[in-house]
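Structure at a glance
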Amino acid sequence: MEASQVYILISIVVLLIIFVLVFFVAKNKKNKKQKTFTPLAGLAFAFIILGIIFGDNRVVGYSLIGFGVLLAIIDMVRKFKRK
């Protein structure tokens with residue numbers, strides 16, 4: 001494995017850990033009056049940031065940004081359907 005592949009693998013693992021932590025912390029919060037990111041929106045934001053960071057490799061960078069945008073759109077559709 002090349003160094004860039006190792007960095008990508010580490011960042012994906014870190015993102016999954018952050019997602020799990022955010023999901024459980026958000027589940028335990030009782031005060032819902034504050035508007036916060038949904039876990040899906042936070043994950044989308046993280047993927048977009050990773051796409052910018054790994055933008056040197058166009059395929060990886062654009063893939064991560066595209067996946068982040070897709071997650072953001074899914075989150076918006078889910079929020080729209082709830083109202």
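Data block above holds the structure.
Presented here is a report on the structure given in the accompanying data block. What you see is a predicted model; the values in this text were computed from it and never measured. (Residues numbered from 1 in each chain as written. Predicted model: local features only at pLDDT ≥ 70, side-chain atom pairs only at ≥ 80, totals over all residues. Heavy atoms only, no water.)

Enumeration according to the criterion identifies 1 aromatic pair in this entry. Note on Phe47 and Phe67: the rings are 4.9 Å apart at their centroids and 85° apart in plane angle, and the pair reads as edge-to-face. Of the two residues, Phe47 is situated in helix H2 (residues 39-53) and Phe67 in helix H3 (residues 58-82); the sequence distance between them amounts to 20 residues. (Phe/Tyr/Trp six-rings, centres within 6.5 Å; stacked < 30°, edge-to-face > 60°. Helix = DSSP H or I, 4+ residues; strand = E, 2+ residues; numbered from the N terminus.)

With that settled, the discussion passes to the nonpolar core. In summary, soluble globular proteins display a tendency toward joint burial of nonpolar side chains. Grouped together as the largest cluster of nonpolar side chains are 11 residues: Ile8, Leu15, Leu40, Leu43, Ala44, Ala46, Phe47, Leu50, Phe54, Leu64 and Leu71. Among the elements of the structure, helix H1 (3-28), H2 and H3 are those that each provide at least two residues to this core. It is H2 that provides the largest number of residues to this core, a total of 6 residues. Apart from the residues lying within four places of it in its own chain, the contact partners of Leu50 are Ser11, Leu15 and Leu64. (Core = buried A, V, L, I, M, F, W, Y, C linked by side-chain atoms within 4.5 Å. Buried < 20%, exposed > 50% of the residue type's maximum accessible area, 1.4 Å probe, protein only. Contact = heavy atoms within 4.5 Å.)

Purely geometric stuff here, so don't read any function into it on its own.
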